[in-house]
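Okay, here's what each chain looks like letter by letter:
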Amino acid sequence: MFKWKRAISLLSLGALGWAGAAAIPTLLTPGSLTIGTDPTYAPFIYLKGKTLTGFEVELMNEVARRLDLKPVWKYQPFDNLLIGLNQNRFDIVVGSHGITPERLKAVDFSTPDYCSGGVILSRAGGPRTVADLRGKVVAVQVGTTYYQRLRAVPGVGEIRTLPGDPEALQHLLSGRSDAFVTDRFVALAAQAKAPPGKLQLGSMLFQEKIGFAVKKGNTAVTNAVDGALKSMMQDGTYEKISRKYFNTDIRCK
Ligand code: LYS
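Residues numbered from 1 in each chain as written. Predicted model: local features only at pLDDT ≥ 70, side-chain atom pairs only at ≥ 80, totals over all residues. Heavy atoms only, no water.

- The name that an unreviewed UniProt entry assigns to the protein is Polar amino acid transport system substrate-binding protein, with the source organism given as Deinococcus metallilatus.

Here you go:
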């Protein structure tokens, strides 16, 4: 018996594969999606042993699957990611980048893949509000929106910029800083990992839309990724991945 269902699904798979490859003539390596990232940002992008994992990693691997592309991940420090993108090292950057007017001058962004914001994290008894930061030492990762926003807070004693999020957290845990400003979900994950009662979350300083960065004018990649992301948001895949990490759906409302 002729298997219609199978024939149709094979046909559409073929069409999808063809459409995916044909629709992105600007890929650095045909058939692959070369992705730049900094894997030090749990629970969004991190290494479990040698395996790269996290919310944005799972999202992008699924985007690549839907576009019939092999995801090839390359690691760079956060501060070099957008520069590397403009030097044609990657097709796309997955770095939990906030979509800001400054960054939009240098790169394009996908539609936001989640919404979050910067929060004050401190040791129990430490600063919780913006007013509490007066005269205090605050750790933050270099090149981030947290650094940018913190600079606008009047009266902060000292801003310590650290190369990575883990180093900034260490600064706070060891008492070299009074507070650490980072993403709310990163702070929640750090709090859960620390000894019970050691860390507390304070006020949210600002909210931001996060997106994947693509080289300016590379609309073939941006449109393909947006299309895959949209289908994942519509068919429940996005929500499933989001609930796995956060117990809630973190798409921008
Ligand atoms: N969302 C922040 C930003 O856009 C932090 C990004 C990830 C830092 N490892 O700068």
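### Some words on the overall build of the protein
- Helix and strand counts for the protein stand at nine helices and twelve strands.
- Since a compact globule built from 253 residues should have a radius of gyration of about 18 Å, the 20 Å found for the protein is in line with a globular shape.
- For the C-alpha atoms alone, the extent of the protein along its principal axes is close to 75 × 40 × 35 Å.
- Of all 253 residues assigned to the protein, the portion counted as buried reaches 48%.
- When the accessible area of the protein is evaluated, it comes to approximately 12600 Å², of which 56% is carbon and sulfur surface.
- Here the protein contributes 32 positive and 21 negative side-chain charges, whose respective centroids are spaced 3 Å apart. (Helix = DSSP H or I, 4+ residues; strand = E, 2+ residues; numbered from the N terminus. Rg over C-alpha atoms; globule rule 2.2 N^0.38 Å. Buried < 20%, exposed > 50% of the residue type's maximum accessible area, 1.4 Å probe, protein only. Areas by Shrake-Rupley, 256 points an atom, 1.4 Å probe, with all protein chains shown as cover. Lys, Arg positive; Asp, Glu negative; His and termini not counted. Charge placed at Lys NZ, Arg CZ, Asp CG, Glu CD.)

### Quick notes on the UniProt feature "domain: Solute-binding protein family 3/N-terminal" (unreviewed entry) in the protein
- Look at the UniProt record and you will see "domain: Solute-binding protein family 3/N-terminal" (unreviewed entry) annotated at residues 32–249.
- The annotated region residues 32–249 carries 35% helix and 33% strand content, and the separation between its end C-alpha atoms amounts to 29 Å. (UniProt positions renumbered as here; feature names shortened; annotations may be inferred.)

### Overview of the site of the ligand
- The environment of the ligand is formed by 13 residues, the closest being Ser96, Gly98, Arg103, Thr145 and Glu208.
- With respect to the ligand, the side chain of Arg103 contributes an N or O atom lying 2.7 Å from an oxygen atom.
- Here an oxygen atom of the ligand and a backbone polar atom of Thr145 are 2.8 Å apart.
- Surface burial for the ligand is 99%, taken as the share of its 310 Å² of free accessible area covered by protein chains.
- One can see that the ligand is located within the largest cavity.
- Elements that contribute at least two residues to the shell around the ligand include exactly strand E6 (92–98), helix H5 (145–151) and strand E12 (199–215).
- Its residues assigned to classes, the shell around the ligand shows four nonpolar, seven polar and two charged. (Near = heavy atom within 4 Å. Polar contact = N/O pair within 3.5 Å; in protein donor to acceptor, adjacent residues only side chain to side chain. 1 Å grid on protein atoms, 1.4 Å probe; cavity = no way out; pocket = protein on both sides within 12 Å on 5 of 7 lines; lining within 4 Å. Sits in = over half its atoms within 2 Å of the grid points. Nonpolar A, V, L, I, M, F, W, Y, C, P; charged D, E, K, R; others polar.)

### Considering the sheet that holds strand E4 (residues 51–53)
- The three strands lie next to each other as E2-E3-E4, forming an open sheet whose pairing is antiparallel. A strand with exactly one partner marks an edge of an open sheet, and here the two such strands are strand E2 (40–41) and E4.
- Where E2 meets strand E3 (residues 45–48), two bridges bridge the pair, whose relative direction is antiparallel. Paired with Tyr41 across the bridge in E3 is Ile45. (Pairing = 2+ DSSP bridges.)

### Details of empty space enclosed by the protein
- Scanning the entire structure with this criterion turns up one cavity of 30 Å³ or more.
- Estimated volume of the largest cavity: approximately 140 Å³.
- As for the largest cavity, its lining consists of 16 residues, and the residues nearest its centre are Tyr41, Phe78, Gly95, Ser96 and Gln141.
- Broken down by secondary-structure element, the contributors of at least two residues to the lining of the largest cavity are E2, E6 and H5.
- Per-element accounting of the lining of the largest cavity gives the leading share, four residues, to E6.
- Partitioning the lining of the largest cavity into residue classes produces four nonpolar, eight polar and four charged. (Points joined across faces, edges and corners; volume = space filled by probe spheres on them.)

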